[in-house]
Amino acid sequence: MDAFYDPGTLIAVLTTQPLDRTLDYRAPEGGCFQGAYVEVPLGPRKVLGVVWGEGTGDYDLSKVRSVIRVLDAAPMRAELRTFLERAAAYTLTPLPAMLRLATRAPGLGDPPSMRKVYRRGSGEPDRMTDARARVLDAAEEMGGLALTLSELAESAGVTPQVVKGLLPSGAIVEEDTPRDTPFPPLDPDHGSKDLTDDQAQAAEALRAGQDGTYSTTLLKGVTGSGKTEVYLEAVAECLRRGRQALVLLPEIALTAEFLTRVQARFGAKPAEWHSGVTMTERRRVWRMVGEGQAQMVIGARSALFLPFQRLGLIVVDEEHDTSYKQEDGVLYNARDMAVLRASILGAQVVLASATPSLESWANADAGKYQRLDLTSRFGPAILPEMRALDMRGEDMAPNTWISPSLRRAVTQRMEAGEQALLFLNRRGYAPVTLCRACGQQIGCPHCDARMVEHRFLKRLVCHQCGESTPIPTTCPSCGAEDRLAPVGPGVERLAEEAASAFPDARIAVLSSDLYGTARELKAQIESIAAGGCDIIIGTQLVAKGHNFPLLTLVGVIDADLGLQGSDLRAAERTFQLMRQVAGRAGRADRPGEALLQTFQPEHPVIRAILGGDEEAFWRAEADERRAAGMPPYGRLAGVILSGSEVDRVFDLGTWLARHDAALRRVGAQVYGPAPAPIARVRGRHRVRLLVKAAKGTALQPALADWAGQVRLKGDLRMAIDIDPQNF
Ligand code: ADP
Ligand code: ZN
């Protein structure tokens, strides 16, 4: 049970400030519960915190101050506190940074009423002063979250007038927060479908897992087999039992379609939580989830940190998707954190995918996860026929990428009134811009990356840091005029080729950078689904679960693209991506076909994609990882060191590699330093050390000891990445 602290009791409060421990305060007048959200004084400021437990007594008792006020929000439950602690320990993240993830709702403790909130807008002030700069910094630090006038003014140390002075220029914008309205109730029996035998069996197994204990199930099934239908049955059961359900999706662009589906199934829309949700809505969701009123949340990975009152189910859809790994700030994998949170509170996890990650496949193989397979597509639809187009035998004109065979296939589909998708996982017009006078490629001034031409935006863009410049006419290296040439295709260039190859076709390009807003993208996706185009040109974005009923042909422009490089995961990723993309073709009564343009049709990965025995593919991959002692059969952590001076970064890496006693004690080895997978970002050089250990090693404490030996000087930084994605 959570403790109650009488007024004046010494208590420990965890704040969201970048400190590495809790601070002692005295419980306020009226006392407070453990877990209460409170406002506490810190220096001259007031900051948000959570009552974590009894005071440590480590501070000078005469100087311990009192909690200012207890906020009007349900106290953080012990389960969430434990989750934050364990997640912090696992990812070696300071606890306050974890708490920040769990308190991302503006004005979370204020009584529900109409109020104005303020956040950074897109404008710039006409005149900059120190005070104004502090306001803008403070607002930016909130990462798009809005604060009340007094919160913003206080955190910047200025008067409210300074904040208001920034409104006319749009540098700060004001928003109204309406009172928090409850969500409409969801009816678990509203629109249930008749399931096939396969589906019904899987649904029954999932329902049985809704018994209030922890379990994880890998729900594997080809695209269109009805995984979503099946896990919605688990959601229904969860709702019937009065518990809350969370469904994580890898891509915000998918939520609109999904919400419509949930509405059809449960009669109303659930709560939404992702970066596209407005401030006022965030606050509402955070509170309603905390009060147990919001029955179901559809969200991005950060929804895992919401204060659910009685969470019974977490679904991770497309669980293999790499976007579940947060690569900035707190480095965590939402799939693994979902399992952690569920295991603490006794909830069910469903990991759904047509092409599971090797980690989940292995966990199921080892019996740690239950596994359910849906083997056939729903209805009369059959899996697309997949074939390789051997590019060595195709007659290609220079600077074209659509082979004559693929062209014929597209024409046939168009004549039948069906759609074709040309898939190329490269945004922009051309990946390389080359000077024909000096032979130099244009690179990013800050990163170890090429500048990618985006003709639609009329700019060269760095895909690492976002740096962009207008497309130059003279070579930045040698100054030659008009000698710059695009090399290789991006989707925009492919669209150009398609337009000339198929002059009568209506062509739609789906690439994340071509849409200003999620709404525009959604409109485009809806238009495609309704038959508004003949040819879809798309990047990875199309691989993720959209339903295009008229789509019957998928042409993969370069199936070899992901196989280059030495990444141990390359095979797994290519396999997943190709299978996902191919899975877009053919639904219901229209059989589909997938054609893979490749120069190496005999490559084992290409053969596995095309045909074959999936389990054999996973097993071969697993054997390779096992032999290399790599995850999931060994433990791996990355340490990324960065700084502006490359020598100092490498020196620090070398020093750490030599002083590895703490790691050797647990049998772990250090490799490196080597340039990180992205060796330079935003002008900072990045060097990586990899730490490898046997499965079951308690790696984190050893890593903490080892990394804790260094005091970072100057602009040197260190980030620890447990279970890195790239190795
Ligand atoms: P997956 O999630 O495996 O890709 P979905 O659940 O999206 O598959 O199902 C694919 C399509 O088939 C969807 O349009 C879905 O509504 C439909 N479908 C699947 N199972 C059934 C069923 N038992 N009855 C009616 N429609 C179904
Ligand atoms: Zn860059």
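Residues numbered from 1 in each chain as written. Chains lettered and ligands numbered in written order. Predicted model: local features only at pLDDT ≥ 70, side-chain atom pairs only at ≥ 80, totals over all residues.

## Quick look at the UniProt feature "binding site: Zn(2+) 2" (unreviewed entry) in the protein
The condition is simple: UniProt positions are given in the numbering used here, feature names are shortened, and annotations may be inferred rather than shown by experiment. Where helices and strands are cited, they refer to DSSP runs of H or I of at least four residues and of E of at least two residues respectively, numbered from the N terminus. Each residue is represented by a C-beta atom placed from its backbone, and any two residues with such atoms within 7 Å are regarded as in contact.
Per the UniProt annotation, the sites labelled "binding site: Zn(2+) 2" (unreviewed entry) are Cys444, Cys447, Cys462 and Cys465. Over a stretch of 22 residues, the named residues converge on one spot in the fold, their C-alpha atoms separated by at most 8.7 Å. In this fold, cysteine 447 is placed in the loop between strand S19 (432-435) and strand S20 (451-454). Other than its neighbours up to four places away in sequence, cysteine 447 contacts Cys462, Gln464, Cys465, Arg680, Val681 and Arg682. With respect to the helices, strands and loops of the structure, cysteine 465 is situated in the loop between strand S21 (459-462) and strand S22 (468-470). Beyond its immediate chain neighbours, meaning those up to four positions away, cysteine 465 contacts Cys444, His446, Cys447, Val681 and Arg682.

## Describing the environment of alanine 245
Residue position: alanine 245 is located in strand S11 (residues 244-248). Spatially, the C-alpha atom of alanine 245 lies 5.9 Å from that of glycine 312, the residues being 67 residues apart in sequence. In this structure alanine 245 touches Val235, Cys238, Leu239, Met296, Gly312 and Leu313, once residues within four positions along its chain are discounted.

## Concerning the environment of threonine 196
Operational definition: In this scheme every C-beta is placed from the backbone, and a residue whose C-beta has 20 or more other C-beta atoms within 10 Å is buried, one with 12 or fewer is exposed, and one in between is partly exposed.
Tracing the backbone through its elements, the reader meets threonine 196 in the loop between strand S9 (172-177) and helix H6 (197-208). On the basis of neighbour counts, which here come to 18 C-beta atoms within 10 Å, the residue threonine 196 falls in the partly exposed class. Threonine 196 sits 188 residues away from glycine 8 along the chain, and the two C-alpha atoms are 62 Å apart.

## Re the UniProt feature "binding site: Zn(2+) 1" (unreviewed entry) in the protein
UniProt records the feature "binding site: Zn(2+) 1" (unreviewed entry) for Cys435, Cys438, Cys475 and Cys478 in the present numbering. Look at the named residues: they lie 44 residues apart in sequence, but the longest C-alpha span between them is just 8.5 Å, so in the fold they bunch up. Positionally, cysteine 435 belongs in strand S19. Cysteine 435 gets classed as buried once you count the C-beta atoms within 10 Å, which come to 20. Excluding anything up to four places from it in sequence, cysteine 435 contacts Gln440, Cys475, Ser477, Cys478, Ala480, Arg483 and Leu484. If you trace the backbone, cysteine 438 turns up in the loop between S19 and S20.

## Points about the confidence of the model for the protein
What counts is decided by this rule: Values of pLDDT, which run from 0 to 100, indicate the predictor's confidence residue by residue.
In the predicted model, the protein carries a mean pLDDT of 88, and 95% of its residues have values of at least 70. Here helix H15 (residues 570-582) is the element of the protein with the lowest mean pLDDT, 78, and S11 is the one with the highest, 98. For this predicted complex, the interface confidence comes out at an ipTM of 0.96, alongside a pTM of 0.80.

## Description of the environment of histidine 454
With respect to the element layout, histidine 454 can be found in strand S20. The contact partners of histidine 454, leaving out residues within four places of it in the chain, are Gly428, Tyr429, Arg459, Val461, Glu492 and Asp513.

## Concerning the nonpolar core
The condition that has to hold: Each nonpolar core comprises buried Ala, Val, Leu, Ile, Met, Phe, Trp, Tyr and Cys residues, the members being joined through C-beta atoms within 7 Å.
If you look at the biggest cluster of nonpolar residues, it comprises 169 residues, and the most contacted ones within it are Val13, Val297 and Leu422. Apart from the residues lying within four places of it in its own chain, the contact partners of valine 13 are Thr22, Leu23, Tyr25, Val38, Val40, Gly49, Val50, Val51 and Trp52. If you look at the next biggest cluster of nonpolar residues, it comprises 14 residues, including Ala139, Ala153, Val163 and Ile172.

## A few points about the packing of helix H3 (residues 130-141) against helix H4 (residues 149-156)
For clarity, the cut-off: Between N-to-C directions, angles cover 0 to 180 degrees, with each direction set by a line fitted to C-alpha atoms, over the stretch in contact for helices. Orientation is classified from the angle alone, with under 35 degrees giving roughly parallel, over 145 giving roughly antiparallel, 65 to 115 giving roughly perpendicular, and any other angle giving oblique. Left-handed describes a crossing whose near helix is turned anticlockwise from the far helix by less than a right angle; the clockwise case is right-handed. Only Asp, Glu, Lys and Arg are considered charged, only Ala, Val, Leu, Ile, Met, Phe, Trp, Tyr, Cys and Pro nonpolar, and every remaining residue, Gly among them, polar.
Two elements in contact, H3 and H4, have axes separated by 8 Å at closest approach and are oriented at 115°. Judged by the angle between their axes, H3 and H4 are roughly perpendicular. In the crossing of H3 with H4, the sense of the turn from one axis to the other is right-handed. Residues Arg134, Val135, Ala138 and Ala139 of H3 touch H4, and the partners they reach there are Leu152, Ser155 and Ala156. In terms of residue class, the contact of H3 with H4 is made up of 5 nonpolar, 1 polar and 1 charged.

## Notes on the sheet that holds strand S18 (residues 419-423)
Spelled out, the test is: Note on pairing: DSSP must find at least two bridges between two strands before they are called paired.
Across the sheet, which stays open at both edges, the 6 strands sit in the order S17-S27-S26-S18-S25-S24 with parallel pairing between neighbours. Each edge of the open sheet carries a strand with a single partner, namely strand S17 (385-390) and strand S24 (507-510). Taking each pair of neighbouring strands and ignoring which way they run, the sheet shows an average axis angle of 20°. Here helix H12 (residues 404-415) sits on the sheet in contact with S17, S18, strand S25 (535-538), strand S26 (551-556) and strand S27 (593-598), set at roughly 165° to S26.

## Description of the sheet that holds strand S7 (residues 69-70)
Strand order in the open sheet formed by 5 strands is S3-S2-S6-S5-S7, with antiparallel pairing between adjacent strands. The sheet terminates laterally at strand S3 (23-26) and S7, the two strands that pair on one side only.

## Focus: helix H1 (residues 78-91)
Quick note on the threshold: To estimate the expected span of a helix, count its residues, drop one, and scale the result by 1.5 Å. Directions pointing from the helix axis toward each C-beta atom define the arc.
Under the 1.5 Å per step criterion, the end-to-end length of H1 is 20 Å for 14 residues, consistent within 8% with the ideal 20 Å. Inspection of H1 places Leu80, Arg81, Phe83, Leu84, Ala87 and Thr91 among the buried residues, and these make up the whole buried set. All buried residues of H1 project into a common sector of 160° when viewed along the axis, lining one side. Contacts from the buried residues of H1 go to strand S6 (45-54), helix H2 (95-102), helix H10 (334-345) and strand S31 (717-722). Downstream of H1 by a residue or two, leucine 92 has a phi angle that is positive, lying close to 55°.

## Let's talk about the pairing of S3
Side chains Leu23 and Tyr25 project from S3 onto a buried face, and the interleaved Asp24 and Arg26 project onto a face without burial. For strand S2 (residues 10-15) and S3, the ladder comprises 4 bridges, and the chain directions are antiparallel. Across the sheet, residue valine 13 finds its bridge partner in S3, namely leucine 23.

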